[in-house]
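Next come the chains, spelled out residue by residue.
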Amino acid sequence: MQTEIDTSKVGYDLKKYIFENMKRTYNIYESNDIITVLSDVPLEIIKTRLIDILSHRDEEYIVAENSDNEHQLTVMKNGDIEQVGIYSCFHCGMIFKSDDERYLHSFMHYLM
């Protein structure tokens, strides 16, 4: 199954940076802020590659899975995700549906 990467929440320079880096590894095309990976690659592998690409940028970006479309990832600034009701752990990046869930999870990092 093809995986889509939604880049509509990031600027032009970052879209180009992601596209150029992804095309080195995968057969892809871009249309209307969506990068489509044509290769049959598991979502988690593509997500890991995106996280690696984004880790080389000065600003903090995250890769979130779309709960409505299991074959789509969204790239956005870390602070932007809370505006759409997604909360990520500051320590490991795990995604939660509420700030309370994130708080309880992050507390576990301090216990370990």
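Everything discussed here concerns the structure shown above.
These lines cover the structure that appears in this document, whether it is placed above or below. (Residues numbered from 1 in each chain as written. Predicted model: local features only at pLDDT ≥ 70, side-chain atom pairs only at ≥ 80, totals over all residues. Heavy atoms only, no water.)

## Focus: the overall build of the protein
Cut-off, in case you're wondering: By definition, any uninterrupted DSSP run of H or I lasting at least four residues is a helix, any uninterrupted run of E lasting at least two residues is a strand, and each is numbered from the N terminus. Restricting the calculation to C-alpha atoms gives the radius of gyration, and the globule rule supplies 2.2 Å times the number of residues raised to the power 0.38. Burial status follows relative accessibility: with a 1.4 Å probe on protein chains alone, a residue under 20% of its type maximum counts as buried, one over 50% as exposed, and anything between as partly exposed.
The secondary structure content of the protein amounts to three helices and seven strands. When the elements of the protein are put in sequence order from the N terminus, they spell out β-α-β-β-α-β-β-β-β-α. Relative to the globule expectation of 13 Å for 112 residues, the C-alpha radius of gyration of the protein, 14 Å, shows essentially globular dimensions. When the backbone C-alpha atoms are referred to their principal axes, the protein occupies close to 45 × 30 × 25 Å. Looking at the protein as a whole, 39% of its 112 residues are labelled buried.

## Here's the deal with a nonpolar patch on the surface
As a reminder, the rule being used: Here, patches come from residues exposed beyond 30% relative accessible area and free of salt bridges, joined within 9 Å for like charges and within 5 Å for nonpolar side chains (Val, Leu, Ile, Met, Phe, Trp, Tyr). In short, Shrake-Rupley with a 1.4 Å probe defines the accessible areas, and a residue's cover is counted only from the protein chains shown. Salt bridge, as used here: a side-chain nitrogen of Lys or Arg that lies within 4 Å of a carboxyl oxygen of Asp or Glu.
On the surface, Tyr103, Leu104, Phe107, Met108, Tyr110 and Leu111 cluster together into a nonpolar patch covering about 720 Å² of accessible area. Mapped onto the elements of the fold, Leu111 is located in helix α3 (residues 99-111). Using a relative accessible area of 56% as the deciding quantity, one classes Leu111 as exposed.

## A few points about the nonpolar core
Convention followed: To define a nonpolar core, start from buried Ala, Val, Leu, Ile, Met, Phe, Trp, Tyr and Cys residues and group those joined through side-chain atoms within 4.5 Å.
The biggest cluster of nonpolar side chains holds 20 residues, and the ones touching the most others in it are Ile5, Ile18, Met22, Ile46 and Leu50. Listing elements by their share of this core, those giving two or more residues are α1 (12-23), β3 (34-37), α2 (43-54), β4 (61-65) and β5 (72-77).

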